[in-house]
Structures are given as structure tokens and as C-alpha cells.
Amino acid sequence: VDHYIVGPNPDDSGKVNYDATLPVVGLLFAATDDVHLYATAGRGFETPTLNELAYRPNGLTGLNLGLGAATSESVELGVKTRSRAWGDVNLAVFQTNTDNEIATLTNVGGRSTYQNVGSTRRRGLEASWNRDFAHDLRGQVAATYLDARYRDAFTTCTATPCAVPNIPVPAGNLIPGVARKALYAALDWAPVLGWRGGVATQALDRVFVNDVNSDAAAGFAVFNAHVGYLARWRGIDLSGFARLDNIFAKRYAGSVIVNEGNARYFEPAPERNWTVGVAATAAF
């Protein structure tokens, strides 16, 4: 209820209700002690956040109570394996179909508005591997492929206020802010006590910055390293660490502002940076 009704400021009272029934089912089959197959299916329900409701697209006062909730149906098939010789390997394929998708309509001057844009589809593949080696070494690799697209055509805006969206977005465009390919790999040396350390790399594919797919943040790969020491004294774990990220000072966009109205989409990530810390942990 809006109690601030003064002069030209109108009564912006209103309410909206969201509800859904969300069944989920899963099956697991143990082919052997070390090979498990699984399948899951379920429905999802995403209500707008307060930030998404905060501003109306037409520039008038009050909450955007016309913004509806998104519903989705997801399926996933996968296999989990365990082997002393080869390590643990996990593989999954998935697909999510969403109706009434919530998407950014305008994004100018720190104010974002949102709209429902019909149906979308996200499908992809996830794979991971990890293995413990001799001398306290552990390796791990994780990779993801994700194809996220609009299935319905719609119109959007490039400025605010936006009384009538007028920029066409064709069906089949990629959803902005989502990388299609991602890779992470690490090698760690982690004894129970004493010195420890490791190296890691992270790579990300290009990311489109708007619904019309006219521009994108370039893909990148960065390398990181860390070293630390863990000691135990009278039941207290004492640890210290130092971490160096982006070792080669790669310049890249760490995040994007989707549909930014002034084309200022790109938010730079830090170049070479380091972190140090200490901690004490006691078990009671």
C-alpha cells in the first residue's frame, strides 16, 4: 500500500500473487559399485525479484506489477564413475525450456526495467574429472557447453523511458550474459599439514551483451597460483596463504551490463592482483 500521496505523486498501491506446483522426479541406477546412471525431471518457477519489479518501463511511478513469473521444465541425464586408476569422471546432458522468460528491457543510468519475452531453451553438456595422485597431488578439470537461445521473437528497447518497445529481436538469438563454453583446470599439492600450493586456469567463451547480439565481450583465459601453510597447535589449526590471480595481467571484461542503453556494456576485471590471509580454527 502506497501511503505517500502528496501533490502530483499518485497512489501507486497494488499487489501481485505468484504460485505454482513444482513436481520433481529422479531415478538412480547403480550399474556397478563404481558406475551410477541417473535421470531427473522437474518443473521450475522463477518469480521476479524486487529489483526487477522496482521500475516500470514507461517511466511512470510505482512497481512493475505487470511482470509475470517464469516457469520452466528441465530434464537431465548423467553418469558418475569412480576408478582408482583413472579418477572420478562425471558427465551430464541437460535441457531447460522456459516460458514467460524474464529479460532486461532497458538498462540506463543505473535503472533497469524488465519484461516477459516468451519462451527460451537452454541445453548443454557438463563434464568433470578429478583424481588423487601420489605425494598429495590432486588434479581436476571441469568443462561446460551451454546453448541458451530465445525461441520466440520479441521487441525490446535501447533507451528509457520505454513506452513501446521497438527494436526487434529474432527467434534464435543467443541469450546475453551467458558464455557458451567454459573450462576450469587445477593441480593442487595439499598435504594434511605443512606447505601446500597449486596452479589453476579458467577460460570462458565470448559473451553477447545485448538481445540483438550486436556486440560481445571477447573470450579469455587467465592463470592463477596460490601457496600456503597449515599448522596444528593444541587443537587449533593455524593457516596462512598467498594467492596471485591473473598472473600474466590479461585485460578482459569480467562481467557485462546486459542491454546497457549507452553501449557501456563492459566491466573490466582486475589485472594481475594478489591476496594474502591468515586464519585460526578451533574445534569445540
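Starting from 1, residues in each chain are numbered consecutively following that chain's sequence as written. Where totals are concerned, whole chains, interfaces and linings use all residues; where local detail is concerned, this predicted model gives features only for residues with pLDDT of at least 70, and gives and counts side-chain atom pairs only at 80 or more. Here the side-chain values reflect all heavy atoms present in the structure, with hydrogen atoms and water set aside.

Enquirer: What should I look at first to understand the packing of aromatic side chains in this one?
Expert: In this description, a pair of aromatic rings is defined by centroid distance and the angle of the planes. Aromatic contacts are taken between Phe, Tyr and Trp rings whose centres are within 6.5 Å, Trp giving its six-membered ring; a plane angle under 30 degrees counts as stacked, one over 60 as edge-to-face, and the others as tilted. All told, the structure shown has 6 aromatic pairs when counted by the stated rule. Plain terms: the ring middles of Phe 223 and Phe 248 are 5.7 Å apart, the flat faces sit at 80 degrees to each other, and that makes the pair edge-to-face. Within this pair, whereas Phe 223 is found in strand β15 (residues 220-233), its partner Phe 248 is found in the loop between β16 (236-245) and β17 (253-256), the two being separated by 25 residues in sequence. Each residue's exposure class comes from its accessible area (1.4 Å probe, protein chains only) as a fraction of the maximum for that residue type: buried when under 20%, exposed when over 50%, partly exposed otherwise. According to the relative accessible area criterion, Phe 248 is exposed, its value standing at 62%. In this description a helix means any DSSP run of H or I spanning at least four residues, a strand means any run of E spanning at least two, and both kinds are numbered starting from the N terminus.

Enquirer: How do you make sense of the side chain of Thr 201 when you look at a structure like this?
Expert: For Thr 201, the location among the structural elements is in strand β12 (residues 194-204). Reaching out from Thr 201, the side chain makes a polar contact with the backbone oxygen of Val 222 at a distance of 3.0 Å. Whenever a nitrogen or oxygen atom comes within 3.5 Å of another N or O atom, the pair is scored as a polar contact, on the condition that within protein one atom can donate a hydrogen and the other can accept it, and that pairs from neighbouring residues in sequence are kept only if both atoms are in side chains.

Enquirer: Help me understand the pattern of salt bridges in this model?
Expert: Once the charged atoms of two side chains with opposite charge are near each other, the side chains can pair. A pair is scored as a salt bridge if a Lys or Arg side-chain nitrogen falls within 4 Å of a carboxyl oxygen belonging to Asp or Glu. Under the definition given, this model contains 8 salt bridges. Each member of the salt-bridge network shares a partner with another, and the members are Asp 147, Arg 149 and Arg 180.

Enquirer: Help me understand the sheet that holds β12, please; the structure alone is not making it clear to me.
Expert: Two modes of strand pairing occur in sheets, parallel and antiparallel, and in both the strands are linked by backbone hydrogen bonds. Two strands pair if DSSP finds at least two bridges between them. If you walk across this open sheet you meet the 11 strands as β1-β2-β3-β4-β7-β8-β11-β12-β15-β16-β19, and the pairing is antiparallel. Two strands in the sheet have a free side with no partner beyond their single neighbour: β1 (24-32) and β19 (273-282). Averaged over all pairs of adjacent strands, the angle between strand axes in this sheet comes to 15 degrees, irrespective of strand direction. In the sheet, β16 pairs with β19 via 10 bridges, with the strands oriented antiparallel. Within β19, the position partnered with Gly 240 by the bridge is Val 278. An axis is simply a line fitted to the C-alpha atoms; with a helix, the fit covers only the stretch in contact. Between two such axes, the angle follows the N-to-C directions and lies from 0 to 180 degrees.

Enquirer: When you look at the state of the cysteines in this model, what are you seeing that I'm missing?
Expert: Here, the word disulfide means a covalent bond between the sulfur atoms of two cysteines. The disulfide definition used here is simple: a pair of cysteine sulfur atoms within 2.5 Å. Tallying each qualifying case throughout the model produces 1 disulfide. Note on cysteine connectivity: Cys 157 is disulfide-linked to Cys 162, with sulfurs 1.5 Å apart. On the basis of relative accessible area, Cys 157 is assigned to the buried category, the value being 5%.

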